[in-house]
Amino acid sequence: MKQSSKVFVGMDVHKDSIDITLAEQGGEVRRFGEVGGDRTALLKAVRKLSSRGGELVFVYEAGPCGFWIQREITALGRVCWVVSPSLIPQRPGNHVKTDRRDSENLARLARAGELTPVHVPDVRDEAIRDLVRARDDAVIAQRRARQQLKALLLRNDIRYVGKTSWTSAHLRWLSELKLAQPAQQIAFQEYVDAITVATGRIERFEQAMRGIQFVHAMTLVAELGDLTRFASPRQLMAYLGLVPSEDSSGQRRHQGSITKAGNAYARRALVEAAWAYRHPARLTRIIALRQDALPKQACDIAWKAQLRLCAKYRRLRARRVLETKIIVALARELSGFVWAIGQHVKPQ
């Protein structure tokens, strides 16, 4: 290795091991080896590489091991990129996947300039992100248990004649149900208990977040970080996976469903929030109280979003567009208004 060369260090990170490959700028690609996945082994490898001189750029995929590796390496004065697995270019027909190949691929792509680092939250933001994601897990568990309960009842031709599920009336109806077979009654009660537990978890999380009205805002802040890093609303929409996929060739242009690339938690938060725009735009007393301490510019943007998105919902419903498609379209435009607030409203 040349003393002044720039070296990209690809790391395939796992719980118990890190496979490392080096790609020298304008030079060879060679394997450094495999080290342990703990802090001591990592820092020993970083110091050994640093002792050889040259500029080092470490890179690894975002995954279950989190961001502690990036923080440890940057604390030593080195550059460390974390990249999203969904944004790593893949070779067609490449069906061989090993740790060694993955670390080599990261090193080569980083050297070629084909990787874009993701935003790395600080420790406090990551703590809020963990809280937000724990609530999201509870919501998913609740939804799954509800679906399983409904499937059990449908298999036994037990139907609720009321208008809306999971209301007080529906829950009373469930509490009075008795299935014919004891084994089925046990399964039924387990599903009901799972729903009760998940619902309690959600309520406790939302209480910690000062109510449901803050959940979506906290999710976006924790997951997206500094919005000024996005140069345009379109860039934020693409990061959230809210732009349509496309398969075009020559004069033919075909757009499909959204890409769903990028941050799924922030995307789900925007989709959940977009359902509120089914109702006519109005400044309720609750909204007015919530906005009392906010900058006027943020309130103006929020009101503009209400007017535009509520009108768009009515217009698309009149054209009989599928409601789920409308909500996704509203979520995409809502991300543009979120970007505007992040760009133009300074924190107080």
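Our subject is the structure that appears above.
Residues numbered from 1 in each chain as written. Predicted model: local features only at pLDDT ≥ 70, side-chain atom pairs only at ≥ 80, totals over all residues. Heavy atoms only, no water.

J.: Quick rundown of the overall build of the chain? Include the residues and the values.
T.: The helix and strand inventory of the chain stands at twelve helices and seven strands. Based on the C-alpha atoms only, the size of the chain along its principal axes is roughly 75 × 55 × 50 Å. Within the chain, counting contacts between residues at least 6 apart in sequence, those at least 24 apart form 59% of the total. Surface accessibility of the chain: about 20,800 Å² in total, with carbon and sulfur atoms responsible for 52%. Taking the average location of the 57 positive side-chain charges in the chain and that of its 35 negative ones, the two points are 7 Å from each other. (Helix = DSSP H or I, 4+ residues; strand = E, 2+ residues; numbered from the N terminus. Contact = heavy atoms within 4.5 Å. Areas by Shrake-Rupley, 256 points an atom, 1.4 Å probe, with all protein chains shown as cover. Lys, Arg positive; Asp, Glu negative; His and termini not counted. Charge placed at Lys NZ, Arg CZ, Asp CG, Glu CD.)

J.: For unusual backbone geometry, give the residues involved together with the corresponding values.
T.: Even without being a glycine, Asp 157 presents a positive backbone phi close to 55 degrees. Tracing the sequence through the fold places Asp 157 in the loop between helix H4 (123-155) and helix H5 (168-175). Positioned with a positive phi, Lys 260 is a non-glycine residue whose angle comes to about 60 degrees. Looking at the element boundaries, Lys 260 is found in the loop between strand E7 (255-258) and helix H9 (264-274).

J.: How would you sum up a nonpolar patch on the surface? Please name residues and give values.
T.: A surface patch of nonpolar side chains, about 290 Å² in accessible area, is lined by Leu 283, Trp 303 and Leu 307. Examined against the element boundaries, Leu 283 turns out to sit in the loop between H9 and helix H10 (285-290). (Patch = residues over 30% accessible without salt bridge, like charges linked within 9 Å, V, L, I, M, F, W, Y side chains within 5 Å. Salt bridge = Lys/Arg side-chain N within 4 Å of Asp/Glu carboxyl O.)

J.: Lay out helix H11 (residues 296-318) with the relevant residues and their values.
T.: The end-to-end C-alpha separation of H11 is 33 Å, in line with the 33 Å expected for 23 residues at 1.5 Å each. Taken residue by residue, H11 has Ala 298, Cys 299, Ile 301, Ala 305, Gln 306, Leu 309, Cys 310, Lys 312, Tyr 313 and Leu 316 as its buried positions. (Expected span 1.5 Å × (residues − 1). Buried < 20%, exposed > 50% of the residue type's maximum accessible area, 1.4 Å probe, protein only.)

J.: Please give an account of the layout of surface pockets that cites residues and values.
T.: By volume, the second largest pocket amounts to about 720 Å³. Contributing to the lining of the second largest pocket are 20 residues, with Val 139, Arg 143, Val 271, Glu 272 and Trp 275 lying nearest its centre. Those elements giving two or more residues to the lining of the second largest pocket turn out to be H4, helix H6 (182-208), H9 and helix H12 (323-344). Its residues placed into classes, the lining of the second largest pocket shows eight nonpolar, three polar and nine charged. (1 Å grid on protein atoms, 1.4 Å probe; cavity = no way out; pocket = protein on both sides within 12 Å on 5 of 7 lines; lining within 4 Å. Points joined across faces, edges and corners; volume = space filled by probe spheres on them. Nonpolar A, V, L, I, M, F, W, Y, C, P; charged D, E, K, R; others polar.)

J.: Can you tell me about helix H2 (residues 68-75), naming the residues and giving the values?
T.: Along H2, the positions that sit buried rather than exposed are Ile 69, Gln 70, Glu 72 and Ile 73. Projected onto a plane normal to the axis of H2, the buried residues spread over an arc of 165 degrees and lie on a single side. Check the buried side of H2 and you find it contacts strand E1 (6-13), strand E2 (17-24), helix H1 (39-50), strand E4 (55-61) and strand E5 (79-83). Gly 77 sits one or two residues past H2 and shows a positive phi near 85 degrees. (Arc of directions from axis to C-beta.)

J.: Requested: an account of the side chain of Arg 129, with residues and values cited.
T.: Summarising the element assignment, Arg 129 is placed in helix H4. Within polar-contact distance, the side chain of Arg 129 engages the backbone oxygen of Ala 222 at 3.4 Å. In contact with Arg 129, not counting residues within four places along its chain, are Phe 67, Pro 121, Ala 222 and Glu 223. (Polar contact = N/O pair within 3.5 Å; in protein donor to acceptor, adjacent residues only side chain to side chain.)

J.: Which residues make up empty space enclosed by the protein, and what are the values?
T.: Under the definition given, this model contains two cavities of 30 Å³ or more. Its boundaries defined by the atoms lining it, the largest cavity holds a volume of some 70 Å³. Around the largest cavity, the lining residues are Val 132, Arg 135, Asp 136, Val 215, His 216, Thr 219, Tyr 265, Ala 269 and Glu 272. Secondary structure elements with two or more residues in the lining of the largest cavity: H4, helix H7 (212-224) and H9. Of the residues assigned to the lining of the largest cavity, the class counts are four nonpolar, two polar and three charged.

J.: Can you lay out the packing of H4 against H9 for me, pointing to particular residues and giving the numbers?
T.: Between H4 and H9, the shortest axis-to-axis distance is 11 Å and the interhelical angle comes to 65 degrees. Here H4 and H9 pass one another in a crossing that is left-handed. Judged by residue contacts, Arg 133, Arg 135, Asp 136 and Ile 140 of H4 engage Tyr 265, Arg 268 and Glu 272 from H9. (Axes fitted to C-alpha atoms, helices over the stretch in contact; angles between N-to-C directions. Left-handed = near helix turned anticlockwise from the far one by under 90°.)

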